[in-house]
Amino acid sequence: SALVPALRATRVPPVAALQEGATLPPTRFARYSPYVAAGVAALGTAGVANGMYGVGGTTQRLLALAGGAVLLFLAVAMLSKYFVAPVAGAIGWPLMRLAKTSGRLARDNSMRNPARTAATASALMIGLGVVVFVAVFAQGLKSSFLDSFDEVVRADYVVTGANYLALPADTTRRIESVPDVTAAAGIDMQQVQVNGKKTAMSGLYAVDPYSFARVWSFDWIDGKDDLLGKLGDDGAVVEEQTAKSLGLRVGKTFKVLTAEGTRAPFKVLGTYRDPMMLNGITVGSTAFARLFARPQLFMVLATTGGDSGAATAAIKAAVADLPTADVMTAVEYKDKVVGQMDQLLNLLYGLLAMSVIISLFGIVHTLVLSVYERPREIGLLRAIGASRRQIRRSVRYESVITSVSGGVLGIVV
């Protein structure tokens, strides 16, 4: 580890003895850095484009998107020294108008050594860029869930197991017996292996073919609601992304394997789009019962013509002796899911805030070094009449220019 600084120390020219704060000469590979950065940027752009608009399963596209984003961060960090000077100049212009002398000094100091300013701003760029990414991703995730729920769920009430526990199989019958309920249907789900591939796992959802359409609206890609009545003992409809990742298409037969070792063949009757709710394989309840000896529910949906206090009380009374049943209106269920997302995101924001704080300490460290590197310059300014207040202000403005430069680059990336 000591070899690198030792080699860099040997590159200091003898003429450096006559000046202060000399810049090390560029290495022999420095002239290739713009081309390397451009290549990394091209690869990153290709990865992002493939993730957003390419083909393949969700996991593959997300990995391509993440890889492309990392490469773009690296490319911008490598290229930032070439355009940080004009960015710093633009950011420093209002400060120069606010305090002519101090603002001009801060602006010129930031532009004088673009490589150092860029390196200092890059840490903040990455930290703030990740914060903005998580914020945008979180809002997109919540919006996707809410839009998907509003589009497919026709029910007024959602009954789920508290703490993700299963509901008894007779929960649907109990809710159907409530006078205010016009339709009720349950959903069961288990993980299965598809076509004997250990990596090909999917959620297998079970629905009642005749009552489910009254509480759920499928966004069909290839098919329509009457396919539910044709599910029978070996029919299945598959979500679009699951079909792509597993290589399934309409008319193709596939086999599933349960954790207990039970096998069963199914034929794809149709495909639908639902990446947030029923994002797997949906079969009829009779076929599901053949695979799993003790079917249980994880969700029951009920319609009443609109949620009301009387209907809520009646449904709660019907499942009062079921300790795991949690009765919610559709709005309450959406708020609960969004709240759970927010809890996880708050943890991520806390961790990301630490990275931003660390990058700010890096800016402070660089400014401290820059002050120690310029005693003659600062002394000359003091000799010709600059006040201590002006010197302090110029250092603060330089930190503002560096920080805002990193913030702007991070938000753009």
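What you are looking at is a predicted structure, and each value in this text was computed from that prediction instead of being measured.

Engineer: Mind laying out the overall build of the protein, listing which residues take part and the relevant values?
Structural biologist: Within the protein, the secondary structure is distributed over 12 helices and 10 strands. Taking 2.2 N^0.38 as the reference for a compact globule, 413 residues should give roughly 22 Å; the C-alpha atoms of the protein span a radius of gyration of 31 Å, well beyond that estimate. Scored against the burial criterion, the 413 residues of the protein give a buried share of 42%. Excluding contacts between residues fewer than 6 apart, the proportion of contacts in the protein whose partners are at least 24 apart in sequence is 77%. Counting every atom, the protein has about 22500 Å² of accessible surface; 62% of that belongs to carbon and sulfur. Across the protein, the centroid of the 41 positively charged side chains sits 19 Å from that of the 30 negatively charged ones.

Engineer: Got a sec to walk through the environment of Tyr53? Specific residues and values, please.
Structural biologist: Inspection of the secondary structure puts Tyr53 in helix α2 (residues 33-53). Residue Tyr53 is classed as exposed on the basis of its relative accessible area of 67%. Distance in space between the C-alpha atoms of Tyr53 and Ala119 is 33 Å, their sequence separation being 66 residues.

Engineer: Give me the lowdown on the nonpolar core, citing residues and values where you can.
Structural biologist: Ranked by size, the top nonpolar core spans 32 residues in total, and within it Ile187, Phe212, Trp216 and Leu301 carry the most contacts. Put simply, the parts of the chain that give this core at least two residues each are α5 (114-152), β2 (183-194), β3 (201-207), β9 (299-303) and α10 (330-373). Ranked by the residues each element gives to this core, the list is headed by α10, at 5 residues. Once you skip the residues sitting within four places of it in the chain, Ile187 turns out to touch Tyr205, Ala206, Val207, Phe212, Trp216, Leu278, Leu297, Phe298, Met299 and Leu301. Listed in part, the 21 residues of the second largest apolar core include Ala206, Val268, Val283 and Leu291.

Engineer: Explain the packing of aromatic side chains to me, using residue names and the numbers behind them.
Structural biologist: As enumerated under the stated definition, the model contains 11 aromatic pairs in all. Aromatic pair Phe145 and Phe149: ring centres 6.0 Å apart, planes at 45 degrees, arrangement tilted. Of this pair, Phe145 and Phe149 both sit in helix α5, separated by 4 residues, roughly a single helical turn. The exposure class of Phe149 is buried, given its relative accessible area of 3%. One aromatic cluster in this structure is built from Phe212, Trp216, Phe218, Trp220 and Tyr272.

Engineer: How would you summarise the environment of Asp180 if you had to cite specific residues and measurements?
Structural biologist: Take Asp180: it is sitting in the loop between α6 (171-176) and β2. Residues Asp180 and Ala302 lie 122 residues apart in sequence; the distance between their C-alpha atoms is 9.8 Å. The contacts of Asp180, once residues within four sequence positions are left out, are Thr303, Thr304, Ala310, Ala311 and Ala314.

Engineer: Give me the pattern of salt bridges: which residues, what numbers.
Structural biologist: Counting across every chain of the model gives 11 salt bridges. For Asp150, the salt bridge goes to Lys334, with nearest N and O atoms at 2.7 Å. Of this pair, Asp150 sits in helix α5 while Lys334 sits in helix α10, placing them 184 residues apart in sequence. The closest approach of N and O atoms between Asp170 and Arg173, which form a salt bridge, is 3.4 Å. When its relative accessible area of 25% is taken as the criterion, Asp170 is described as partly exposed. The network of salt bridges with common partners includes Asp170, Arg173, Arg174 and Asp321.

Engineer: Residue-level account of unusual backbone geometry, with values.
Structural biologist: In this structure, Asn195 is a non-glycine residue whose phi angle is positive, near 55 degrees. For Asn195, the location among the structural elements is in the loop between β2 and β3.

Engineer: Outline the side chain of Ser394, listing residues and values.
Structural biologist: Tracing the backbone shows Ser394 in helix α12 (residues 388-412). Its relative accessible area of 6% is what places Ser394 among the buried residues. Residues in contact with Ser394, not counting those within four places in the same chain, are Ser102, Leu105 and Ala106.

Engineer: For the environment of Ala259, give the residues involved together with the corresponding values.
Structural biologist: You can see Ala259 is positioned in the loop between β6 (253-257) and β7 (263-272). Linking Ala259 and Phe292, residues 33 residues apart in sequence, is a C-alpha distance of 9.6 Å.

Engineer: Provide a residue-level description of the packing of α2 against helix α3 (residues 58-98), including the pertinent values.
Structural biologist: In contact at an axis separation of 7 Å, α2 and α3 are set at 155 degrees when each is read in the N-to-C sense. On the basis of their axis angle, the class for α2 and α3 is roughly antiparallel. In this structure, α2 meets α3 at a crossing whose hand is left-handed. In terms of residue class, the contact of α2 with α3 is made up of 19 nonpolar, 7 polar and 2 charged.

Engineer: Outline the side chain of Ser102, supporting the account with residue identities and numerical values.
Structural biologist: On the secondary structure map, Ser102 appears in helix α4 (residues 100-112). Among the residues examined, Ser102 registers a relative accessible area of 2% and is labelled buried. Setting aside residues no more than four positions away along its own chain, Ser102 makes contact with Gln390, Arg393, Ser394 and Tyr397.

Engineer: Account for helix α9 (residues 309-318), with residues named and values stated.
Structural biologist: Among all positions in α9, only Ala311, Thr312, Ile315 and Ala318 are buried. Looking straight down α9, one finds that the buried residues subtend no more than 130 degrees of arc, so they occupy a single side. Exposed residues pointing more than 90 degrees away from the buried face of α9 are listed as Gly309, Ala310 and Ala317.

Engineer: Before we move on, can you summarise a nonpolar patch on the surface with the specific residues and values?
Structural biologist: Residues Phe29, Tyr32, Tyr35, Val36, Val70, Leu74 and Met78 make up a contiguous nonpolar surface patch of about 730 Å² in total accessible area. Among the elements of the structure, α2 and α3 are those that each provide at least two residues to the nonpolar patch. The element contributing the most residues to the nonpolar patch is α3, with 3 residues. Along the polypeptide, Met78 turns up in helix α3.

Thresholds, definitions, all that
- Residues numbered from 1 in each chain as written.
- Predicted model: local features only at pLDDT ≥ 70, side-chain atom pairs only at ≥ 80, totals over all residues.
- Heavy atoms only, no water.
- Helix = DSSP H or I, 4+ residues; strand = E, 2+ residues; numbered from the N terminus.
- Rg over C-alpha atoms; globule rule 2.2 N^0.38 Å.
- Buried < 20%, exposed > 50% of the residue type's maximum accessible area, 1.4 Å probe, protein only.
- Contact = heavy atoms within 4.5 Å.
- Areas by Shrake-Rupley, 256 points an atom, 1.4 Å probe, with all protein chains shown as cover.
- Lys, Arg positive; Asp, Glu negative; His and termini not counted.
- Charge placed at Lys NZ, Arg CZ, Asp CG, Glu CD.
- Core = buried A, V, L, I, M, F, W, Y, C linked by side-chain atoms within 4.5 Å.
- Phe/Tyr/Trp six-rings, centres within 6.5 Å; stacked < 30°, edge-to-face > 60°.
- Salt bridge = Lys/Arg side-chain N within 4 Å of Asp/Glu carboxyl O.
- Axes fitted to C-alpha atoms, helices over the stretch in contact; angles between N-to-C directions.
- Parallel < 35°, antiparallel > 145°, perpendicular 65-115°, else oblique.
- Left-handed = near helix turned anticlockwise from the far one by under 90°.
- Nonpolar A, V, L, I, M, F, W, Y, C, P; charged D, E, K, R; others polar.
- Arc of directions from axis to C-beta.
- Patch = residues over 30% accessible without salt bridge, like charges linked within 9 Å, V, L, I, M, F, W, Y side chains within 5 Å.

None of the figures reported here should be taken as evidence of function without further support.
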